[in-house]
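Listed below are the residues making up each chain.
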Amino acid sequence: KAGEPISVMDVRNDRRFPALSEPAFLSWLGLPLIAKGQMIGLIAMEKREVDFYTHEYVNAATTFASQSAVALENARLFEESSRRATELDERPQRLGLLNRLSEELSSSLEIDKILTVTSQQILGAMEAAVVACVMVEPGPNFVIEKEVPETEGHLPLAILDVPIFERLYQTQGVFSTADVAHEPMLASLREAYFAPRGVQSVLAVPMATGSLLHGWLMIQSTDDRRFSPSEIELAQTVCNQAAIAVQNARSFEETRSLTEFLERRVEERTGELKTEHGNMQTLLRVIGELSA
């Protein structure tokens, strides 16, 4: 099927591999790179042995190919973020912010640090009162994982029955209000969260890589404030960079887990082969003794 890996056990028996001479590599594996439902490239591997690419190998390679596709998509998003940052060159202080943020994010593969650094930078740049990171958890569930500056209360804090986040989860759009007290889509958060912090205005900007939504940056002000288009643009650029860093951190953790799994399988298989070899040696010795 389209978009699935293709494994050829012996190219000599496959009409898709015509050759005028004996091929040097007999096993072939093709792995599509899929981003946002479209094929953006291909990884092709060859091996001299016949039947080299087992089902387990194909599954592992497919995982790596998927992560490569995500990395390419992230690179595209990063280039887009860089382009948008360049358009802000008349505002050097904002460019300085984006450069500092990019340097700090690129040096970390810890999601908690990524969220903290991002929140601190946007807090100062937009003169906000509070910046919170609302993350999407399996379910999906929405949880406030990080808040800068930290206030009284326990995090993480699950967000329940908040219609605006249900809608933003579907649309990946931006939400802004200058009147939290009379915004019906934030009613369930008003007394429990916004009121103790004196919040009047909120801007929620998605952190997403491609079609994958990681969460939102919720920028809050204690003033009756309408966020300007340039402020929203800056927040979107920052969120793009943060989303890429979050995705890279998660991909790193998945790759590390997969590597550890494969290493364990190799060790197990090596032990099995040693056992089989020892059994064969024992059998040959017994046969030799019986034949003597």
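Before reading on, note that the structure itself is shown above.
First, a word on scope: everything that follows refers to the structure included in this document. (Residues numbered from 1 in each chain as written. Predicted model: local features only at pLDDT ≥ 70, side-chain atom pairs only at ≥ 80, totals over all residues. Heavy atoms only, no water.)

## Details of the sheet that holds strand 1 (residues 6–8)
Working step 1: What the three strands build is an open sheet, ordered 1-2-3; its pairing is antiparallel. Each of the sheet's edge strands pairs with one partner strand only, and the pair in question is strand 1 and strand 3 (38–47). Sheet twist, expressed as the average angle between the axes of neighbouring strands with direction ignored, equals 10°.
Working step 2: Summarising the sheet, strand 1 and strand 2 (residues 27–35) pair through three bridges and their orientation is antiparallel. Paired with Ile6 across the bridge in strand 2 is Gly30. (Pairing = 2+ DSSP bridges. Helix = DSSP H or I, 4+ residues; strand = E, 2+ residues; numbered from the N terminus. Axes fitted to C-alpha atoms, helices over the stretch in contact; angles between N-to-C directions.)

## Observations concerning unusual backbone geometry
Working step 1: With omega at -5°, the peptide bond leading from Gly139 into Pro140 counts as cis.
Working step 2: With respect to the helices and strands, the residue Pro140 is situated in the loop between strand 4 (130–137) and strand 5 (141–148).
Working step 3: One non-glycine residue, Glu127, lies in the positive phi region at around 50°.
Working step 4: In this structure, Glu127 sits in the loop between helix 3 (111–125) and strand 4.

## Looking at the side chain of Glu73
Working step 1: Residue position: Glu73 is located in helix 1 (residues 55–86).
Working step 2: Looking at Glu73, the relative accessible area reads 10%, which means it is buried.
Working step 3: Those residues within four positions of Glu73 in sequence are excluded, and the remaining contacts are Ala35, Lys36 and Gly210. (Buried < 20%, exposed > 50% of the residue type's maximum accessible area, 1.4 Å probe, protein only. Contact = heavy atoms within 4.5 Å.)

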